[in-house]
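# Overview (structure and organization)
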Amino acid sequence: MNVEFIEALKDLEKERGIEMDVLLEAIEAALISAYKKHFGSSQNVRVEINKNNGDIHVFYRKEVVEEVEDEHIEMSLAEAQQYDPDFEVGDVFESEVTPRSFGRIAAQTAKHVVVQRIREAERNMVYDQYATRRDDIVTASVLRVEGRNVFIDLGKTEALLAPSEQIPRENYRAGDRFKVYILEVRKTTKGPQIMVSRTHPGLLKRLFEREVPEIHDGTVEIRSVVREPGWRSKVAVWSNNDNVDPVGACVGAKGMRVQSIVNELAGEKIEIVRWDEDPAIYVSNALAPAKAISVEIDEDEKFTRVVVPDFQLSLAIGKEGQNARLAARLTGWKIDIKSESQMEEIEAAEHAAYEQAQAEAAAAAAEQAAPPVEEAAAEDITEAAEQAAPKKKAAAKKKAAPVEAAVEDIAEAAEQAAPKKKAAARKKAEPPVDEAAEDIAEE
């Protein structure tokens, strides 16, 4: 190596930002390995590169000791003092052992080390550059499209736009330029891996910060951002200056500021609402363009019931619930939207249920007070029935006595008449029989 090599290292330091001392240290370490590999030395060696002319010198090193255990790395005190009487135990003895053919090996090794170090330095520089820009936006162009993955050219490196971070309905072709949000920066063996996004809410926030000077200087603050990428977004803003309208500042004259952001996001509809400390007002603003008639707040459950005119019910809910869904995400409150007629029906049903509950409560109270009176009346009736039972039995017996006597008289008369009837019957049957017997005997 020579002076030209040193000049080349200095140029690299200026152009690539790689310090010359770092390169020289790396080259020296590589030359030590090359020396041991090619010359089979197990000695402890040191390589020194002259920064002025590029000359390379190799020195073997031995520690001065009382008793030598390993002659490759140790030297006795007596032997060391032969070279220099000032040597003491613990000093390091060095002697140059630079081979004559070491120049070619050194050149090849230096080239390899420099190239490798340049690549590592560039990777580290790129990583440091974009790691500090995480959560920021950059302008990029499409490098290539592989399947559903889109690779973005950031200038010094490339980034990946994954399918989940792409705006629906947005087509990507090589050369297309747009702004992306740096989502994540990873350090890998192949260099930094950068993930970017077109759907992150931070992209919309950063675009407003760049487009609206009042946001950039802190006069207007963005309190919340929600997106359904490619379709609709809502931004809640607040002004620290009463003389500055936060919504008007973001919209711009004739809507120019917000329109440029809409164009950047492939026509995504953006609604800017005013943030408010009062949850009822904030929720009402978040449901724009619908106008709320009333808002009921349940702070314990973070629940709101919003009443809107009948003709604005579908507007408040939005297509497939989009407006209500975005408003709930923007405010952090659960939102139940009702029309006026629905609310009247609910109130009528609640009133009827209240009256029914009151009537049932009154009836229950009456039932709880009535049982003592009814029980007393039942006891009196039972006692009266028990007292009247004997009297009824006696009266029944009196009514039944004449009937029983008549029955007995009839039975007695029947018994007395029975013998007379039998005798009469015999008299009627006997004469004809005797006459017939006499006639038979005469013949």
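Remember, it's a predicted structure, so these values are computed and weren't measured experimentally. (Residues numbered from 1 in each chain as written. Predicted model: local features only at pLDDT ≥ 70, side-chain atom pairs only at ≥ 80, totals over all residues. Heavy atoms only, no water.)

### So, the nonpolar core
Counting 31 residues, the largest nonpolar core has F5, L9, I27, L31 and V114 as its most contacted members. Setting aside its immediate chain neighbours within four residues, F5 contacts I27, A110 and V114. (Core = buried A, V, L, I, M, F, W, Y, C linked by side-chain atoms within 4.5 Å. Buried < 20%, exposed > 50% of the residue type's maximum accessible area, 1.4 Å probe, protein only. Contact = heavy atoms within 4.5 Å.)

### Structural notes on the side chain of R227
For R227, the position within the fold is in strand β10 (residues 220–228). In terms of polar contacts, R227 uses its side chain to reach the backbone carbonyl oxygen of H200, at 3.0 Å. (Helix = DSSP H or I, 4+ residues; strand = E, 2+ residues; numbered from the N terminus. Polar contact = N/O pair within 3.5 Å; in protein donor to acceptor, adjacent residues only side chain to side chain.)

### Describing the packing of helix α1 (residues 3–16) against helix α2 (residues 20–39)
Following both chains from N to C, one finds α1 and α2 inclined at 130°, their axes separated by 9 Å at the closest point. The orientation of α1 with respect to α2, classified from their angle, is oblique. Between α1, through F5, I6, L9, K10, L12 and E13, and α2, the contact on the second element is made entirely by M20, L23, L24 and I27. Of the residues in the contact of α1 with α2, the class split is eight nonpolar, no polar and two charged. (Axes fitted to C-alpha atoms, helices over the stretch in contact; angles between N-to-C directions. Parallel < 35°, antiparallel > 145°, perpendicular 65-115°, else oblique. Nonpolar A, V, L, I, M, F, W, Y, C, P; charged D, E, K, R; others polar.)

### What to know about the pattern of salt bridges
Counted according to the given criterion, the structure contains 19 salt bridges. K338 is paired through a salt bridge with D336; the nearest N and O atoms lie 4.0 Å apart. Relative accessible area serves as the criterion here: at 22%, K338 is assigned to the partly exposed category. Each of R232, K234, K269 and E271 takes part in salt bridges that share partners, so that together they form one network. (Salt bridge = Lys/Arg side-chain N within 4 Å of Asp/Glu carboxyl O.)

### Overview of helix α8 (residues 256–264)
Within α8, burial applies to V258, I261, V262 and E264. Seen from one end, α8 has its buried residues packed into an arc of 160°, which puts them on one side. In α8, the exposed positions angled more than 90 degrees off the buried face are occupied by M256 and N263. As for α8, its buried residues are in contact with β8 (177–188), α5 (201–211), α7 (246–251) and β12 (269–274). A positive phi of about 60° marks A266, the residue just after α8. (Arc of directions from axis to C-beta.)

### A short note on a negative patch on the surface
A cluster of acidic residues, E296, D310, E340, E344, E345, E347 and E350, forms a negative patch on the protein surface. Broken down by element, the negative patch gets its largest block of residues, five residues, from helix α12 (residues 340–369). Judged by its relative accessible area of 54%, E344 falls in the exposed class. (Patch = residues over 30% accessible without salt bridge, like charges linked within 9 Å, V, L, I, M, F, W, Y side chains within 5 Å. Areas by Shrake-Rupley, 256 points an atom, 1.4 Å probe, with all protein chains shown as cover. Lys, Arg positive; Asp, Glu negative; His and termini not counted. Charge placed at Lys NZ, Arg CZ, Asp CG, Glu CD.)

### What to know about the packing of α5 against α8
Where α5 contacts α8, the axes come no closer than 10 Å and their chain directions differ by 140°. By the angle between their axes, α5 is oblique relative to α8. Taken as a pair, α5 and α8 cross one another with a handedness that is right-handed. Along its contact with α5, which presents L204, L207, F208 and E211, the element α8 presents R257, V258, S260, I261 and E264. (Left-handed = near helix turned anticlockwise from the far one by under 90°.)

### Some points on the sheet that holds strand β15 (residues 334–339)
Sheet architecture is open: three strands sit in the order β13-β14-β15, paired in mixed fashion. The open sheet is flanked by β13 (294–298) and β15, the only strands paired with a single partner. Neighbouring strand axes in the sheet, compared pairwise and without regard to direction, differ in orientation by 15° on average. Relative to β15, strand β14 (residues 303–308) runs parallel, the two sharing six bridges. Bridged to T304 within β15 is I335. Strands β13, β14 and β15 of the sheet are contacted by α12, whose axis makes an angle of about 95° with β15. (Pairing = 2+ DSSP bridges.)

### Remarks on unusual backbone geometry
Backbone torsion omega between A288 and P289 reads 15°, so that peptide bond is classified as cis. Of note, P289 is situated in the loop between α9 (279–286) and β13. In this structure, E320 takes a positive phi of about 55° despite not being glycine. Summarising the element assignment, E320 is placed in the loop between α10 (313–317) and α11 (322–331). A residue is classified by how much of its surface remains accessible, and E320, at 70% relative accessible area, is exposed.

### Things to note about the confidence of the model for the chain
Across the chain, the average pLDDT comes to 81, with 81% of residues at or above 70. Across the chain, strand β11 (residues 232–239) holds the top mean pLDDT of 96, while helix α13 (residues 371–442) sits lowest at 50. Within the model, the stretch residues 399–407 combines pLDDT values under 50 with zero contacts to residues more than four positions away or in other chains. Predicted confidence for residues 427–443 stays below pLDDT 50, and this span has zero contacts to residues more than four positions away or in other chains. (pLDDT = per-residue confidence, 0-100.)

### Looking at the sheet that holds strand β6 (residues 149–153)
Overall, mixed pairing links the five strands, which are arranged β5-β6-β7-β9-β8 in a closed barrel. Averaged over all pairs of adjacent strands, the angle between strand axes in this sheet comes to 50°, irrespective of strand direction. Relative to strand β9 (residues 191–197), strand β7 (residues 158–161) runs parallel, the two sharing three bridges. Across the sheet, the residue bridging to L160 is M195, located in β9. Set on the sheet, α5 makes contact with β5 (137–146), β8 and β9; between it and β8 the angle comes to about 125°.

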